[in-house]
Each structure stands twice: as C-alpha cells, then as structure tokens.
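Structure at a glance
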Amino acid sequence: MDMAKGKNGGSKGLQSYINSQYFEAANALKSKRARRRIVAYVESYDDIYFWRTVLSEFENDKRYFEVMLPSKTGLSRGKKSVLMNFLEGEPLGRDMIACVDADFDYLLQGATAQSQKVLESPYVFHTYVYAIENYQCYAPSLHNVCVAVTLNDHRIFDFRDYFSRFSEILFPLFVWSVMLYRNGNYPKFSITDFNRVADPGGFTPTNPEPSLENIKRKVRTRIGELQRLFPDAKEEYLQTKDDVKALGVTPQTTYLYMQGHHLFDTVVTPILSKVCNILRQERQNEIYHAKAHLTQKQNEMTCYENSLQDIKVMLKKNNGYMVSEQFHRVQEDVRRYLDDQPEQSTK
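A quick note: this is a predicted structure, and the numbers were derived from the prediction, not measured.

Things to note about the packing of helix 7 (residues 142-150) against helix 12 (residues 260-288)
Two elements in contact, helix 7 and helix 12, have axes separated by 10 Å at closest approach and are oriented at 50°. In this view, helix 7 runs oblique relative to helix 12, as classed from their interaxial angle. In this structure, the crossing between helix 7 and helix 12 has a hand that is right-handed. Packed against helix 7, whose contacting residues are Leu142, Val145, Cys146, Val149 and Thr150, the element helix 12 presents Val268, Leu272, Val275, Cys276, Leu279 and Arg280 at the interface. Across the contact of helix 7 with helix 12, the residue classes tally to nine nonpolar, one polar and one charged.

Structure (structure tokens):
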C-alpha cells in the first residue's frame, strides 16, 4: 500500500494505514489453523447487533468478524467518527472494514465528499436504507413485533398496506427532498421539514384514513410551495425521480429511505403502541370473562402482564427485515468483498 496515494497525507491517514496493516500483520502471525480476524467498525452500540446479524453468515473455519466502535479508549461515536478516523488517507484494508448507515449518502450518489467516501471505498459497507431503524421498522415484520409485545396473534391491522400507502403519498415530496440535497438547495426543504410532513398524528388503528389524508394534504401544500419556489425544476425533478427508482426506491417503500430515527420514534412506535394497546386489552378481556374462579383469573392476569414486553425493546430486536431486498443487497456487498479478498496463507 503506497502512502503517497493518500488524499491528505496527514496523521489521520497514517493512523488508518497503521491500523489496517496492524490487523493484516496480526493475522499473518497466526498459525495456519487460526481463523482470520476481520474488524468491523460501526457507529454506535445499537449498530453492533445489526451488523453482527449481517456478518454472521460469512463466518467459517477460516475467518470471523469482530464488530466494535471506532475507539475503545475514547467515547466518540457516529458516522463521522468512523469515516474521519479511518477513511482520511489510505483505505481501511482487507482486515479492517467500516459499516455505516447510508443516510442520504447512497441517494446522493457522490454529490458530496462523504457520499463519495461511503460509495467508493471497497472497505465501507452501508445499509442502502437510511439507517438500521428503517430495517427494524420493516412493515411486513411489524405484526410479529406486536405478537412479541402482547402475546396476541390476532391481526387487527395491516401494516404492509398502511406503509405502502403512506409511502406512495410521500414519494413525490421525497423526490423533491433528494433533488434539493443533490443540488445544494436543501436549506429550502430540509430532512426536518420532510419529517414534519411525514408525521401521521391523530392515527387510530380502526380508522387510519384520516391520518393518511392529513399527510396527503401536507404533501400537496409543500409541493405547491416548492414548485413556486423552483418553477424551472420540472426536468431536474423527473430525472431525480428516475434516478431514485433506479437505486431501488419505489413509491411503496419510501418509508425505508426517510430519516430512521423519525420513522422509529414518531411514526412506527406510536402506531405500534395503539395497535398493541388494543391487542393487550383484548387478551385481558378474554381472561376477565373466562369461566374460572376469581383467584385463578387474578393469577392468570398477573402471569400475562408479567410476560408483556416493551415495544421499543422488541423493535430493536426485530430482525424480520432479513427477508428484504435491501438487506440482501448489503449481504451481497459483503460476499463480493470476501470473494475479492482471497484468504492469505499464514505461517
């Protein structure tokens, strides 16, 4: 690896080089029967479990991954910490990789320096969807989360249909958001502005239509404002629309590419809470009206309530996203990286 090729040539580039070479050298010193250790740096504690889920499939008797935060001595976390500490200068290396949330960097397709780093480095892997929270909120898996929380398998709400329609309504405005981030006009319509529109306040499981109509109204208003602000943007908008579709964003899956924390905290968790409240009450009513002695009912109720789980905890443990197309793309990137990095003989 030629140090002269580093873009910055500073101490951080040197540190990246040393770290990468250190892990390669450490693996070379092992016996032939020892497994190769590949270090995977992630952004935060929550990311460790997700990337462990991604990488576990690729472990065998020749290699294993160790997923960790960028620094064991400091407390710096986050995407910038991973990228600034290990990507300035030389690439990470065959035995040291970085695993980060895509955020908007994937959709920006190199329009910013950070996007270029994320997309061009062979040792950086990203989620494709905005963040791991979007995977945790994968709509086809949300009923299973409700079952884990309430221990009631009664399907009273169609999460797949709701988030498909939710996404279809937001898709035209989402294209505007991507376009403005690409051309540098994002202060005119930021991700925070988009999130305000995407807030389904007033949602009720038995009648979700008003919440969708409310979002639709806000979308129409915002698009009208943006069209007046950028009257000559039609051609650029249509090109951006084609681009994001080519990248895998469909009108039915927009929710996977919006800001993950907003989706998790403001959209999905409140909806799950209301659905789970109904399911919990339904189960409690069954126990209350059962033909049994009062003491038996009380014991059963206590047993049931002690078995209930926290919604956010269950969402964070949800891995139903593993069947999604986006997750398979992440795995394919890892598989390609390993295929391009043949095992080196050790002495």
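Focus on the pattern of salt bridges
A full pass over the atoms with the stated rule returns 17 salt bridges. A salt bridge links Arg52 to Glu59, with the nearest nitrogen and oxygen atoms 3.0 Å apart. Among the salt bridges present, the one from Arg165 reaches Asp161, with a minimum N-O distance of 3.7 Å. One end of the pair, Arg165, and the other, Asp161, are both in helix 8 (residues 159-182), four residues apart, so they sit about a helical turn from each other. The network of salt bridges with common partners includes Asp193, Arg196, Arg222 and Glu225.

Here we look at the nonpolar core
Residues Phe163 and Phe166 are the most contacted members of the largest nonpolar core, which totals 88 residues. The biggest single contributor to this core is helix 8, with 15 residues. Apart from residues lying up to four places away in sequence, Phe166 is in contact with Ala198, Leu212, Ile215, Tyr255, Met258 and Val267.

Let's talk about the packing of aromatic side chains
Across all of its chains, the model carries 25 aromatic pairs by this definition. Taken together, a centroid distance of 5.7 Å and an interplanar angle of 70° make the contact between Phe163 and Phe166 edge-to-face. Here Phe166 and Phe163 lie together in helix 8, a separation of three residues that amounts to about one turn. There is no split in this pair, since Phe163 and Phe166 are both buried. Pairing Trp176 with Phe230 gives two aromatic rings, centres 6.4 Å apart and planes at 40°, and the pair type is tilted. Taken together, the positions of Trp176 in helix 8 and Phe230 in the loop between helix 10 (209-229) and helix 11 (234-246) put the pair 54 residues apart, joining distant regions of the chain. Linked through ring pairs, Phe157, Phe159, Tyr162, Phe163, Phe166, Phe203 and Tyr255 together constitute an aromatic cluster.

Rules behind the numbers
Residues numbered from 1 in each chain as written. Predicted model: local features only at pLDDT ≥ 70, side-chain atom pairs only at ≥ 80, totals over all residues. Heavy atoms only, no water. Axes fitted to C-alpha atoms, helices over the stretch in contact; angles between N-to-C directions. Helix = DSSP H or I, 4+ residues; strand = E, 2+ residues; numbered from the N terminus. Parallel < 35°, antiparallel > 145°, perpendicular 65-115°, else oblique. Left-handed = near helix turned anticlockwise from the far one by under 90°. Contact = heavy atoms within 4.5 Å. Nonpolar A, V, L, I, M, F, W, Y, C, P; charged D, E, K, R; others polar. Salt bridge = Lys/Arg side-chain N within 4 Å of Asp/Glu carboxyl O. Core = buried A, V, L, I, M, F, W, Y, C linked by side-chain atoms within 4.5 Å. Buried < 20%, exposed > 50% of the residue type's maximum accessible area, 1.4 Å probe, protein only. Phe/Tyr/Trp six-rings, centres within 6.5 Å; stacked < 30°, edge-to-face > 60°.

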